[in-house]
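Coordinate inspection notes
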Amino acid sequence: MSLLSIRDMKTQIGQYHVLHGVSFEVPEGGVFILLGRNGAGKTTTLRSIMGLWQPSPGSVMFQGRDIAGLATADIARLGIAYVPENMGIFGGLTVEENLILATAKGRFDPARLRRIYDLFPALEKFWTKQAWSLSGGQKQMLSVARAIVEPRALILIDEPTKGLAPSIVAAMGEAFREIAQTTTILLVEQNFNFAKSLGRDMAVIDDGRVVHSGTMADFAADADLQGALLGLSA
Amino acid sequence: MKTTGMKQSYGTLTVKTAMLVIAGLLLFAPFLFQDIRALEVAARICIFIVLVASYDLLLGYTGIVSFAHTMFFGFGCYGAAIALRQMGPGWDAVAIGTLGGVLVSLVVATVIGLISLRVKAIFFAMITLATASVVLVLASQLSQITGGEDGITYRAPDIFKTATKLMVDEDGKVLRWFGVRLNGKLAAYYFVFTTSLVLFLILLRVTVSPLGTVLKAIRENEARAEAIGYRVVAYRTFVFCLSAVMASLAGSVYAIWLKYTGPDTALSFSIMIDILLMVVIGGMGTMWGAVIGAVLLVMAQYYLRDLMGAASEAVAGIPLLPELLAPDRWLFWLGIIFILLVYFFPRGIAGTLMTRGMRT
Amino acid sequence: MDKFGEILHRFGGVNLLPVALAAIAFVLIGAPSSWVTLTVAGLAMGMMVFLMASGLSLVFGLMDVLNFGHSAFISFGAFIAASILAALGGWLDGGVILASAALALALVGAITFGLAAGLFFETVIIRPVYRDHLRQILITMGALIVSEQVILAVWGGTPFTVPRPAFLEGAWIIGDVSIEIYRLFAFALGAVVFLGLMVLLNRTRIGLLIRAGVENREMVEALGFKINRLFIGVFMLGSALAALGGAMWAGYETLITPALGAR
């Protein structure tokens, strides 16, 4: 059984239909990549899973339970973390406060904290700094760290490499690989090369529908399909 | 909304019929209701229709919440009042006072608009509230010019004096038509009626012009209107100025009619609340709503108290109810009606009526 | 002013502003004795205004709701406290303990009302119109109108005399400096509340949530917190602070009218 199973999810924002029936399956473990052009509906898909937009009708099954229509907070408590496109960190709070807010009981699990320090040494260094003063890459690290400070079943990550320097992108890739050994990641990505190196399974969204799904290996080998679905040349 | 070319719903017809009836009643008010109080009510209705319609241009058509509308009304009132007081009752004083009021309104509105119309609605509301409070305090402090809390009394141009005879019969007495004396009071009422009608028609013309369409576009989706290329701040400032000028003109006319101007009649916050109630109860975003709201509320102010007085006596003995039904508590009930309307009928009476029968 | 309150929470540094103002005033006034009197008066006044405005700024900062009905909470707080004091009039002259009990009851009464009214306001009046500023302004204005009328209906339009506990009457004379005791009391209570708020915001998890919620509501939700409950709590807190401020104000003015909250 897959971890997350989305059936015919339609989302309307105001008077606009953004998703026209999105369906795909995210199996347990590893990194699942959601590809698509700008405006195809990738971010809306993540937000709908998270309950930040109300999807209707259709179903979102998470660990065998329909979570469509639940409040965002309840969805989060079931074990889904969200790393939004704008990173969603609290700039007026320190790095420590940002992270401690994400813990369930207001205390850090020492082992998990050690792991975060190992993955993102910069966070330890700037532990008491206010988050707004961090660089873009460090903010992104903080946002990801916040998602793994407690054990989660699924992490939704929206375009984490946007606007980051290549060296930081590489570090981020390493971190994702490490995280994916224990947690499933649903990753929205525009950077195809980055996505190719990480993903096991994937789906492509275009104009509010899933137009292709399969394994990353097959998709990476099919240049024509890439060109047709993503507009990638070469 | 697709209203053009569509067959008019019976709701719209009802509203338009009501408009004709109201216009007719106001036009013949001096002949239909031959007592002083009724004429006061009719004149107040005329003035408030303009005041409320000009406010609706802001609130309903453009989505701007301003608490300074009474202030502009007050500029008009005090402009005319001070000029009439200083220069004596003449048309030159009326012209200078009115123009002065309009100019002050225009300047203040432009400054407020340019500074604060780009910020969020809430901040704009706060800024207008603060400005209006400052002006209210100024008006009661600068008693040399404004008469302070007591206000100013003055004489209107001679033609509006009650003693003035517009037409005389053979004996030299004032002529009567259908029992109505053709005196200055009548002239004053028709002055109020005509100017109000003209101002209202101008406002009506604005709302059906291309400008009105742009305003609605801005209200519905500011970002998109901006993206299409409309300079939202410029449009908003323009509308704010236009409505300020209209309010100021209405104020001058009211000052001439009342022959008295003070903080209570021209500037007080309760007038602002009245205007808000009228716009929301009548219906935001339609000029007809302004008319209905103004008529209903002015009537309520004058006549509801009597009714409530009777009701209050009827429930005497039950705790608290008599107090809540006391004649002075009419605002309590209007406040509740207001809240319910904002929740359940945000289009107000006119808007709700006009959509009735449109879909089915 | 509401912005000021928010900044006050954020940066302790702004706390120096009154000190700076007082220093300037000292130079301007010259005479030290009247300077002390005026400064204490100003501080007491400032603390009461802080009590009333802090609720408004908390609610506005976190929920993006500008509550025009806020001033009604202030008025209600004032009238309820005054009524309780008047009802317990006998206690006020019966020694410090009884008088303190009466005062405490009056303040608790005002706060309780504030909490209840806040709960009612948040869930019934404001909840349906979140994110719709226009209707929010209109609804809270409507609520303000109705509240003022209720006050008029219950307490009548005539000014209401507020009895004060005897031990808060009068002034201390130190040399040629005279300090009204009630002002000191108002200042002290305001300072306690201020410190309490600072601790709440900076040292507790709730405070952390509030500060995070001011910045990004959605993310607070996505971390698994029900922001609605936080909203209700903060709204109740804000209303209670307003009512408390109103109650203190009533004791300060000693003669109150229904239009009090409008300032």
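Our structure is the block above this text.
A short tour of the structure in this document, coming up.

The rules behind each value
- Residues numbered from 1 in each chain as written.
- Chains lettered and ligands numbered in written order.
- Predicted model: local features only at pLDDT ≥ 70, side-chain atom pairs only at ≥ 80, totals over all residues.
- Helix = DSSP H or I, 4+ residues; strand = E, 2+ residues; numbered from the N terminus.
- Contact = placed C-beta atoms within 7 Å.
- Pairing = 2+ DSSP bridges.
- Axes fitted to C-alpha atoms, helices over the stretch in contact; angles between N-to-C directions.
- Core = buried A, V, L, I, M, F, W, Y, C linked by C-beta atoms within 7 Å.
- Buried ≥ 20, exposed ≤ 12 C-beta atoms within 10 Å, placed from the backbone.
- Parallel < 35°, antiparallel > 145°, perpendicular 65-115°, else oblique.
- Nonpolar A, V, L, I, M, F, W, Y, C, P; charged D, E, K, R; others polar.
- Expected span 1.5 Å × (residues − 1).

Let us now look at the overall build of chain A. From N to C terminus, chain A includes 10 helices and 10 strands. Taking the intrachain contacts of chain A between residues at least 6 apart in sequence as the baseline, contacts between residues at least 24 apart amount to 68%.

In this section: the sheet that holds strand 9 (residues 201-206) of chain A. Residues and elements named next belong to chain A. Taken in spatial order, the six strands make up an open sheet running 6-7-8-3-9-10, and their pairing is mixed. Pairing within the sheet leaves two strands with one partner each, and these edge strands are strand 6 (80-83) and strand 10 (209-215). Recorded for the sheet is a direction-independent mean angle of 15° between the axes of neighbouring strands. Across the sheet, helix 10 (residues 223-230) is in contact with strand 3 (31-36), strand 9 and strand 10; its angle to strand 10 comes to roughly 155°.

Grouped together as the largest cluster of nonpolar side chains are 266 residues, with contacts concentrated most on A:Leu156, A:Leu187, B:Ile49, B:Val52, B:Ala250 and B:Ala294. The element that contributes the greatest number of residues to this core is helix 11 (residues 227-253) of chain C, accounting for 17 residues. Once residues lying within four places of it in the same chain are set aside, the contact partners of B:Ile49 are B:Ser196, B:Phe200, B:Ala290, B:Val291 and B:Ala294.

Turning next to unusual backbone geometry. With the exception of glycine, the majority of residues adopt a negative phi angle, and the majority of peptide bonds are in the trans configuration. Residue and element names in this part refer to chain A. With a phi angle near 50°, Asp 8 is a residue other than glycine that sits in the positive phi range. Counting through the fold element by element, Asp 8 comes out in strand 1 (residues 4-13). Phi at Asp 207 is positive, roughly 50°, even though this residue is not glycine. Relative to the helices and strands, Asp 207 resides in the loop between strand 9 and strand 10.

Our next topic: the packing of helix 9 (residues 205-215) of chain C against helix 11 of chain C. Residue and element names in this part refer to chain C. At a minimum axis separation of 11 Å, helix 9 and helix 11 run at an interaxial angle of 105°. Accordingly, the angle class assigned to the pair helix 9 and helix 11 is roughly perpendicular. Every residue of helix 11 that contacts helix 9 at Leu 209, Ile 210 and Gly 213 is listed here: Ile 227, Leu 230 and Val 234. Across the contact of helix 9 with helix 11, the residue classes break down as five nonpolar, one polar and no charged.

Between chain A and chain C, the contact holds 17 residues from the first and 15 residues from the second. When residues of the side of chain A that touches chain C are traced back to their parent elements, those giving at least two are helix 2 (72-77) and helix 3 (95-101) of chain A. Class assignment for the residues of the side of chain A that touches chain C results in 10 nonpolar, five polar and two charged.

Right, let's talk about the interface of chain B and chain C for a bit. Frequently, the measure chosen for interface size is the accessible area that the parts lose on association. Taken together, the 21 residues of chain B in the interface contact 16 residues of chain C. Tallying contributions element by element places helix 16 (residues 330-344) of chain B first for the side of chain B that touches chain C, with eight residues. Grouping the constituent residues of the side of chain B that touches chain C by class yields 17 nonpolar, two polar and two charged.

In the sheet, strand 1 of chain A pairs with strand 2 (residues 16-26) of chain A via eight bridges, with the strands oriented antiparallel. Looking across to strand 2 of chain A, one finds that A:Thr11 is bridged to A:Leu19.

Residues and elements named next belong to chain A. Ordered by their spatial adjacency, four strands build an open sheet running 2-1-4-5, and the pairing between neighbours is antiparallel. This sheet does not close on itself; its edge strands, each paired only once, are strand 2 and strand 5 (65-66). Docked against the sheet, helix 1 (residues 42-50) engages strand 1, strand 2 and strand 4 (59-62), running at close to 75° with respect to strand 2.

What follows is about the pairing of strand 9 of chain A. All names here are of chain A. Looking at chain direction, strand 3 and strand 9 are connected through five bridges and run parallel. The partner of Leu 35 across the bridge, within strand 9, is Val 204. Alignment of strand 9 against strand 10, held across six bridges, turns out to be antiparallel. By the bridge assignment, Asp 206 is partnered in strand 10 with Arg 209. What sits between strand 9 and strand 10 in their antiparallel hairpin is a turn of two residues, with Asp 207 showing a positive phi close to 50°.

This paragraph deals with the packing of helix 13 (residues 269-282) of chain B against helix 17 (residues 348-355) of chain B. Residues and elements named next belong to chain B. For the pair helix 13 and helix 17, the least separation of the axes is 3 Å and the interaxial angle reads 10°. When the interaxial angle is binned, helix 13 and helix 17 end up roughly parallel. Contact residues: helix 13 offers Val 280, Ile 281 and Gly 282, while helix 17 offers Gly 348, Ile 349 and Ala 350.

Take the environment of B:Cys46 next. Residue and element names in this part refer to chain B. Counting through the fold element by element, Cys 46 comes out in helix 3 (residues 36-62). The sequence separation of Cys 46 and Arg 224 amounts to 178 residues, and the corresponding C-alpha distance is 37 Å. Setting aside residues up to four positions removed in sequence, Cys 46 forms contacts with Leu 26, Val 192, Phe 193 and Ser 196.

Moving on: helix 4 (residues 69-87) of chain B. Helical periodicity: at 3.6 residues per turn, an α-helix aligns residues three or four positions apart in one direction. Along its 19 residues, helix 4 of chain B runs 27 Å from first to last C-alpha, staying within 8% of the 27 Å computed at 1.5 Å per residue. Across the 19 residues that make up helix 4 of chain B, a large majority, 17, are buried.

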